[in-house]
Structures are given as C-alpha cells and as structure tokens.
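Spelled out from the first residue to the last, the chains are:
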Amino acid sequence: MERMKQAVERARAAFKSGRCRSLEFRIRQLKALERMVHEREEEILAAIEADLHKCGHNAYSHEILGVLGELALAVDKLPSWAAPQPVKRNLLTLRDEAYVHPEPLGVVLIIGAWNYPFVLVMQPLIGAIAAGGDPSVPAALGAVGEERGGSPSCRVCLLGNAVVVKPSEISEHTAQLVADLLPKYIDPELYPVVTGGVAETTELLTQRFDHIFYTGNSAVGKIVMAAAAKHLTPVTLELGGKSPCYIDKDCDLAVACRRITWGKYMNCGQTCIAPDYILCDASIQDKVVENIKTTLQEFYGEDVKRSPDYERIINKRHFQRVLALLEGQKIAHGGEADEASCFIAPTILTDVSPEAKVMEEEIFGPVLPIVTVRSVDEAIEFINRREKPLALYVFSNNKKLIKRVISETSSGGVTANDVIMHYFLATLPFGGVGNSGMGAYHGRHSFETFSHRRACLIKALKMEGANKLRYPPSSQKKVDWAKFFLLKRFNKGRVGLVVLALLGVVAAVVIKVSLG
Amino acid sequence: NPYTGLVSRLRAAWLSGKTRPMEYRVAQLEALGRFLDEKKQDILDVLASDMRKPPFEAEFCEILLCKNELNDTLNKLGTWMKDEHVEKNLATQLDSAFIHKDPYGVVLILTPWYCPIHIVLMPLIGAIAAGNCVIVKPSEITKNTERLVAEVLPCYLDNDCFAVVTAGVEETTKLLENKFDYIFFTGIPSVGRIVMTAAAKHLTPVTLELGGKNPCYVSDSCEVQNVARRVAWGRFFNAGQTCVAPDYILCSVEMQEKLLPALHEAITEFYGPNPQESPDFARIVGDKQFQRVQALLSSGRMAIGGQTDEQERYIAPTVLVDVQPSDPVMQEKIFGPILPIITVASVDEAINLINTHERPLVVYVFSSDKKVMNQVLEWTSSGDFCGNDTLMHVTLTSLPFGGIGNSGLGKYHGKFTFDTFTHLRSCLHRNMALETINTLRYPPYSPQKLGLVRLASEVKRQGTCTLL
C-alpha cells in the first residue's frame, strides 16, 4: 500500500519540479508514445490476444489505430489548443485584455478498463499529457517569451500534468505490458504506472488527485466519485448501460442487421457502446433474426468456435454471469458455450420480456435480446423508463423519426443507421450521461478534460475616471451610468469597436467632469 | 422523504417534454425579467433588512448583473440550442455529425446567503435556458430574502417545472437524498464535500462554486492611489462578504508605507470619516458570522479601523499590518471587512506564499510591469485571474467563472451557464448506402484487408482518424 502513496507523492514532486512545463517537453512525450506504438506493435497485439483471444486485425483496428490517430492529432494541434483564447469584451472592458488561459490540473489519475485494455488507458493518457498551457506564448501583451522561473524558490510548475496510470488487472497481459513499456518511453516519475487489484485501487483512491478519469461500471463509478468527493476532485466517469437499438419497419433490414451484427459481436459483445438489445415491431422480428444469422455466417463461417476472428469472454466469472442470462429465454440462434475456453456463441433471444434478468443489467456479452414494441412511441417510452444509456441506436429511412427519437430521449451519444461509429470521430465528445457517466473525451475534448480554463482579465491602472461611477458614495446618477455600461450589447464588428472606443473615451470624460 | 413527491412531479414534467420548445424557455426567462423589474424595490428592501446591503451594491450585483445575463441568454438562446455541426473525417464525409443539446432533467440549485438573489438567478437563468426543470433552495440565513424568493418567484414561473424549497441543514440533507440530474452548489468547501458525496450516490454531475483566500499582490511599480481605491472597493464591498473579494495583500515594506495612507484616503472617500454612518457600507449577516470575523481582529496590529458594534453587527473597514502567515486571520477565508497586509521581499516570495495555500477562486495582481503580471499568472494556480482591478472579471459574461481544487469545480456565466446545464450529446447520422466500404471492417479478416486499413490510416496522418 505504501507503494501507491509513494508513486503519487513522487508524481506530485515531479509536477512541482517544473519538468513538464514546456510545450516541447509534452510534444516530445507524445512523439515517444508514437514511437512506442510503432516499435512495439507486435508485443501490444500479442498481449491483447492473450487477454481477449483477439486477432491481430481486430486488435490493430480497435486499439492501435485509434491511439495513433489521437497522437497525431494532439501533436499537430497542441500549440493551438494550448494558446490563450481571447474572449469578446464589453464596453467596460474594451481597453483591457480578456482571455482564457489553459492550465494543467496537477496530478491526474487514470483507471483503465479490461475490455479494450490498451486504448482505454492510452487515449486519456494522451489528453492528460497534452493538457495545459504554453509559456512561449506571451500571456499578456508586452511580456517577452523568456524563460521564467529562474529563481530556485519558484517551485510550482503549471504547464503540464503528472499522470498516474492504473491499467485494469483483469486484462493482466496488457496491464503488465503497459507497466513495462511506458517507463521506457516517457518520463517514469511524471507518468508512473501502478498495477494491482481492488485493494490497491482502493488505497490509491484515498490519495488526493486533481482529476480522476475512470472507465468501468456504474457501481464502481459511484465508489470512485465518493472517494473523489473527499478531496473535491473533479471526475470523468466513462461508464456503461444498456444501449438500445430501435429498428424501424421502414429501413433496409439487410444493411441494418449487418451493421448491428458487427457492433454487437465484436470483442464478443464486451464493448461499452455495443447495441445491448433490439426494439422492433413483432412483424419484423423473424426477418431481423434471419438477417443476423446470415451475417453471422458471412462473418464467422459455419463453426464460429473455429473462426480466428471471434473473441472470448475475458474470464470465468463473466462467462458464468453472461450464460446465466440465457436461463428461461427463447433462444432463436446460438446458445452454445464452452467454459474451458470461455466461449459463448453469438446468441439471439426473441420475444424477451422487459422484466427478464437479461433486460436488467448491461449484458456485456454476445447475447442479443429482441423486445417487441408496437410503435416508435412505445420504444421511446421504453427507453425513457430506464437509466440513460451510453449510446442509442436507431435505424430508419425516415429522417423525421430519427430526429424525434433523438430529441425525445437522452443518452451519452447516438449513431443513426449504424452502430459504434460516433466513437471514431474525434471532433465528437465521447461520454455518458446519468448512470452512463459524466464528462467526455477524444480529440480536443481530452485536452479540455485535463485542463483548467483560467479566466483572465488584465486592466490598465489608468482610466480611473470610469471607475468612479462604481465607488461610494453612491447616487442615482451613478446607478444610471452603471446601467448604461453594463446593459448595452456590443457585438458589431470592427467599425462598432471603433465607435465603442470613442464612446468609451467620451463617457469617461463626461463622467470625470460630472462627478469630478 | 418529504421531497420525493416534488422531485417525481418535476421529473414527470420534464419527461413530458414541456420544457423543450424554445418558446417555453423564452417565456420563463422573460418572466424572470419581469420579476426583476416589478419586484426591484422589494428585492432592495429585503437585502437591506437582511444585511444592510447598500442600494448601489444591491442594484449592481443582484439586479444589473442578472439582467445582463438574462439579456445575453435571450439574445443568443436560439444559437446555443441549435445542433452544433462538427468537422468530419474521411469515413464520415457523407454523414451528418453534430452535437445535440440535451437538458439534464431535474436540476437542484443550492444558494448561499451573501449575494442571495444573484446566486439564485444566475444559475437559474442557464438551467431554464438549457431546458431543465429546476428546484431552487435559497439560503435560510437571509430570512427575508428567502421568504421573497419562496413566495414571489413561483408566481412568475411555471409551477409544473420550477419549485422553490425552503430548508435548513437537516431538510437539505433529506433533499439531497433524492436523485437529481445535476446539482449546482455555491458555498463553503466543507459543505461542497457533503454535496458531492450525496451526488456520488446517484452519479449526479455537479458544479461547486466554493471559495478560498484570494491573494492580492501589489508590486512596487504601480499607481498607488488607484490601486488603493480598487482594492478597498473590492475588499469592503458588501462588508467583505463576497467570494471574489481580495482576502489579503502581499507587498514590499516600501509599498506598504505608501499603501496605508492611500487606503485610508480611499476608505474616507468612500464611507466618510465614520463608516458606521455611511449608507453605503453593509453589515455582517448574522451574529455567528460577526463573532467569527471579530475574532480575527486580534491578528497583527490594526493600522486602520478596527471599531465594532455588536448590536448592529458592524465591523469597520479595517487594515491589519505585522501579520504573520501563521496568524488566525491567515488560516481561514476572512469573509469580512478586514484586509491584512503581509510584507514580502520579492515577487518570488509572494508566489511561494500564495502556493502554500489551497488554490483560491481568484488571484489579483497590481502592477504596471507586464512581466511581473505574467510571472504571477504562470507560477500560481487559481480559478481565475484579474490584473489591476478587483471583482470586475465577474462582470464579463464571455469569461468562464469558477474555481479549481478547493475553490471548486465547473464554470459558469453567459454561455458557460447554458453549457453547464446541458448534456452535449454526440450524434452521427449515417448513410445506409455505400455498404461496400464497410466491408473493410467486417470479418472474415485477411492480411489484405488489414493492409488497406493501415494504408488508409497512413495517408490521413495529418490529424484525423480513419477507421472504416
């Protein structure tokens, strides 16, 4: 347990030493990560295969590709993300500088999950390393971009985070690999990796962090947030839920079912945004089953167990949990299982009751229940009676229907006419709502999650005349002037600004005279 | 639980979709505007009776700033509510990718006593604009204001979707047992912890606007009289009971010599020779708070002021010198009209001292030297930063207002309030056509497929991820 405390203390000391301050340093760390992913690709793929029985193609496209994309984006855009952002001013602040200054939060904790064990640690890590400001950009006009902090007594570095990484112990091969590789490529004191299980994580959570990023389930999410509350630590929680998938009668069923099959059974159903269950009209239920069966054949061949492209359940505990959900259900396809290899065949259940066990918890396995509903109204009502999910899917040719489903429900994210894909667009913030989580990341949103937006207003020490109207002793005249300055809206472009400036000067003079 | 019925009722109203249309939200916001106009005198009266808030301060802080926020919101609501389209990558070129603005649902706003109308209305405006149903709990410490808000505000708003709850500590604890979809809390860090712990039970996201000791560094290069006026105004506004007030001054011994007479002059300019008689100087809100602040007067030496009157809960605008970092006045947020000065030998020493405390809501620096300004900015951390003035960053609604660490989490004002109460929901509306392109992602896999995928991603190395 001391190990946890020491790792955090060392990271905090490293943060304060000023090592992570410059933009160049952070970009170097990100480029080192890029090198790591390229040079060690084989080992990374092997670890993921050992953990999830995942073939190279899948592991590459699910985990490595995303990481490389995020790294390239961060390296490219970091200078612009880290620069101070000027904001619109009002009449009172016209001659001042007003901007948002991005800063790091401090020491950040990232807790990974086991289902995509590499990318779910790497993607937040990229954002956490990238986050912060840029000392080479003068924050105030007239300041020269020189090396500050020459004095040894200035101990606090404020331009980059320190990050404690805790991969999931359940995906043990990837966890060990991350623990071995990261220190070889990036600063080991600023970015330590700690391994361990529940006990170690609990101990870690008693330490004070400046942000905690957790990916996992809602039950543990509550524990993480409660621990964070003791230190007033902000959190990002990427949790889960039962992501519904509504199939309208008016849609190309063959295409829809192929896309759904891909998203549902990838990683053996162990994807936080997998379509958890289907809602559709009873009249198309059989067709849906047929289409999915055909697609499964196309994807995995006659004997799914022999397909190198089909994964396994992560461990025995989850294997038993998922298998238990099949009890008493009408199995339209699949159902075969083999405990020794944690294999569960792609399974479809039909005419499932909303009260069945399989409809209570997130399935996180290759079991696809179909619940019949008579209309989109019923589907919307059904979805809204339950916790807000991480993702929501709707298949329809009718644009209005899709719009309606989106505006009358809530979820972390939505993909219409496909599944999963909103995850892959970095400009879309990825995260949950309600029971499925809080906060978001990916692309610039990762940078913002791990940065503090410090509002800055720098006024001139002159122009005291205008200030007189706010000082006591008060008078009705002063109140009227205050109203004038505060309640006017000025967004009229350059010409407007010139007029404004003139107005400001005139006003200052008039006030000086009238209150002088 | 006495509040479960109310929360369920509001949740049902939200699920019914009543708050979604823009017209509805505009109507509610306009009604708030009418509340501020029609009840202005009542508002000024209750603020005067609860804490003798000077009419100018009340009008500035509680009415004008709120009207500003209201106007800004009404002007821009249409734009804020719209789906925000985002840049697409190669794979999604033919799709529609946007961020949809979802309300959270039922939101709880817990407010403190020091700007009791302002801190009710500012978040309320954004919460309504974002399409939520709202429960407001005004502070029970400012009794007259609490009554005004509880009795009059509901007359202006739709009671199906908005409610005001009056509650003390015990009832608030019960209120917090219910599930809310967002909680907005303004107050002290210890209660912030309690609120966040309660929120964790339901995975409710929170904004916590807390406080801290806001340092004010005055460098040797500055116009002393202007500095003194701005600092005095910020410190003694509302008799020091403002979360963004400068809490203590750091300056050199030489600057202290110049500041003291300048501060004395400013205080006399503002409040006359006897501030107790000035209608522009407020009082401490309650006996408990009065005792607490009065006890801090024993730190250091009183250079200006120090007079108190328990009956009126009056504490004179006071400046303390010879204060040590270990003195009681430096151990807690003052929240009263006391301004301690601590002398430091250099800006480095000032920065070090600032960094020994929890991160505050705002750091103030007075200097005509931009380098000094920058140095303090880069080597300290705080919610916000204001150079050469006090309090004023709060009036610019394009700046995100909020703390960090012990001074809070989350930001608001202007669009940031709307964003606080909105779930930014990522939406990707795909094409059903071009299914052949998708075959790259489907099993069975082959080295050729993988090769194509790698190729596609390598071409697009300039920043976008192309997973097909």
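Note that the structure is predicted; figures quoted are calculated from it, not measured. (Residues numbered from 1 in each chain as written. Chains lettered and ligands numbered in written order. Predicted model: local features only at pLDDT ≥ 70, side-chain atom pairs only at ≥ 80, totals over all residues. Heavy atoms only, no water.)

Okay, the overall build of chain A next. Looking only at helices and strands, one finds 17 helices and 17 strands in chain A. Across the 516 residues that make up chain A, the buried fraction comes to 64%. Contacts in chain A between residues at least 24 apart in sequence constitute 74% of all its contacts with a sequence separation of at least 6. Counting only carbon and sulfur atoms, one obtains 55% of the accessible surface of chain A, whose full area is about 18,600 Å². (Helix = DSSP H or I, 4+ residues; strand = E, 2+ residues; numbered from the N terminus. Buried < 20%, exposed > 50% of the residue type's maximum accessible area, 1.4 Å probe, protein only. Contact = heavy atoms within 4.5 Å. Areas by Shrake-Rupley, 256 points an atom, 1.4 Å probe, with all protein chains shown as cover.)

For chain B, the helix and strand inventory stands at 16 helices and 18 strands. Considering only C-alpha atoms, chain B reaches an extent of 85 × 55 × 35 Å along its principal axes. Within chain B, the fraction of its 468 residues that count as buried is 66%. When the accessible surface of chain B is totalled, it reaches about 15,500 Å², and 54% of it is carbon and sulfur. Within chain B, one finds 45 positive and 53 negative side-chain charges whose respective centroids are separated by 8 Å. (Lys, Arg positive; Asp, Glu negative; His and termini not counted. Charge placed at Lys NZ, Arg CZ, Asp CG, Glu CD.)

This chain's UniProt record puts "domain: Aldehyde dehydrogenase" (unreviewed entry) on residues 18-425 of chain B. As a span, residues 18-425 of chain B carries 41% helix and 18% strand, and end to end its C-alpha atoms are 20 Å apart. (UniProt positions renumbered as here; feature names shortened; annotations may be inferred.)

All names here are of chain B. UniProt's feature table lists "active site" (unreviewed entry) at Glu209 and Cys243, given in the numbering used throughout. These residues run over 35 residues, yet every pair of their C-alpha atoms falls within 9.1 Å of each other. Following the sequence through the fold, Glu209 ends up in strand E7 (residues 206-209). With residues up to four places along the chain from it excluded, the contact list for Glu209 reads Phe184, Phe185, Thr186, Gly187, Phe401, Gly402, Ser407, Gly410, Lys411 and Tyr412. With respect to the helices, strands and loops of the structure, Cys243 is situated in the loop between helix H9 (224-236) and strand E9 (248-251). Non-local contacts of Cys243, meaning those with residues more than four positions away in its chain, are made with Tyr114, Asn214, Lys333, Phe335, Leu361 and Phe401.

Residue and element names in this part refer to chain A. Of note, the amide linkage connecting Pro472 to Pro473 takes the cis form, showing an omega dihedral of -5 degrees. Inspection of the secondary structure assignment puts Pro473 in the loop between helix H15 (464-467) and helix H16 (476-487). Despite not being glycine, Cys342 shows a phi value in the positive range, around 55 degrees. As for its placement among the helices and strands, Cys342 is situated in the loop between strand E10 (337-338) and strand E11 (343-344). Residue class for Cys342 comes out buried when judged on its relative accessible area of 7%. The phi angle at Asn417 is positive, at roughly 65 degrees, despite the residue not being glycine. Note on Asn417: relative accessible area 4%, which makes it buried.

Residues and elements named next belong to chain B. Residue placement: Thr207 occurs in strand E7. In terms of polar contacts, Thr207 uses its side chain to reach the side chain of Tyr182, at 2.6 Å. Among all residues touching Thr207, those that are not within four sequence positions of it are Tyr182, Ile183, Phe184, Phe185, Leu409, Gly410 and Thr420. (Polar contact = N/O pair within 3.5 Å; in protein donor to acceptor, adjacent residues only side chain to side chain.)

We now examine the packing of aromatic side chains. Across all of its chains, the model carries 32 aromatic pairs over all chains by this definition. For the ring pair B:Phe281 and B:Tyr314, a centre distance of 5.9 Å and an interplane angle of 80 degrees mean the geometry is edge-to-face. Here the residue B:Phe281 occupies a position in the loop between helix H10 (253-271) and helix H11 (287-295), and B:Tyr314 occupies one in strand E12 (residues 314-315), the gap between them amounting to 33 residues. Of the two residues, B:Phe281 and B:Tyr314, both sit in the buried class. Grouping aromatic residues by their ring pairs yields a cluster made of A:Tyr471, B:Phe56, B:Phe60, B:Trp233, B:Phe237, B:Phe270, B:Tyr271, B:Phe281 and B:Tyr314. Over the ring of B:Trp233 we find A:Arg470, and its NZ or CZ is 3.9 Å from the ring centre. Residue placement shows B:Arg441 over the ring face of A:Trp262; its charged tip is 3.6 Å from the ring centre. (Phe/Tyr/Trp six-rings, centres within 6.5 Å; stacked < 30°, edge-to-face > 60°. Lys NZ or Arg CZ within 6 Å of the ring centre and 35° of its normal.)

Moving on, we come to the sheet that holds strand E2 (residues 96-103) of chain B. The sheet built from 10 strands is open, its strands ordered E9(A)-E12(A)-E13(A)-E8(A)-E7(A)-E14(A)-E15(A)-E18(B)-E2(B)-E1(B) with mixed pairing. In this open sheet, the two edge strands, each paired with only one partner strand, are strand E9 (330-333) of chain A together with strand E1 (84-85) of chain B. Pairing between strand E14 (residues 391-395) of chain A and strand E15 (residues 413-416) of chain A: 4 bridges, direction parallel. Looking across to E15(A), one finds that A:Val394 is bridged to A:Ala416. On top of the sheet, helix H10 (residues 282-300) of chain A reaches strand E7 (244-247), strand E8 (277-280), E9, strand E12 (347-350) and strand E13 (367-372) of chain A; it is set at about 160 degrees to E13(A), its chief contact. (Pairing = 2+ DSSP bridges. Axes fitted to C-alpha atoms, helices over the stretch in contact; angles between N-to-C directions.)

All right, on to the interface of chain B and chain A then. The partner chain A presents 133 residues to the 127 residues of chain B that form the contact. Across the chain B/chain A interface, buried area totals approximately 11,000 Å², and carbon plus sulfur atoms make up 60% of it. Per-residue buried area on chain B facing chain A is highest for B:Leu203, B:Trp379 and B:Met432; these three make up 8% of the total on that side. Applying the counting criterion to the chain B and chain A interface returns 9 salt bridges. For the salt bridge of A:Glu387 with B:Lys179, the shortest nitrogen-to-oxygen distance reads 3.1 Å. Summed over the shared surface of chain B and chain A, the number is 51 residue pairs in polar contact (both at pLDDT 80 or more). It is helix H4 (residues 55-81) of chain B that provides the largest number of residues to the side of chain B that touches chain A, a total of 11 residues. Two strands pair when backbone bridges link them, and E15(A) and strand E18 (residues 422-429) of chain B are joined in this way by 4 bridges, in the parallel orientation. Directly across from A:Ala416, in E18(B), lies its bridge partner B:His429. (Buried area = accessible area lost by both parts, 1.4 Å probe. Salt bridge = Lys/Arg side-chain N within 4 Å of Asp/Glu carboxyl O.)

All names here are of chain A. With mixed pairing, 5 strands are arranged side by side in an open sheet as E4-E3-E5-E6-E16. Taken across any chain shown, the strands that pair with only one partner, and hence form the sheet edges, are strand E4 (162-166) and strand E16 (437-438). On top of the sheet, helix H1 (residues 2-17) reaches strand E3 (107-111) and E4; it is set at about 155 degrees to E4, its chief contact.

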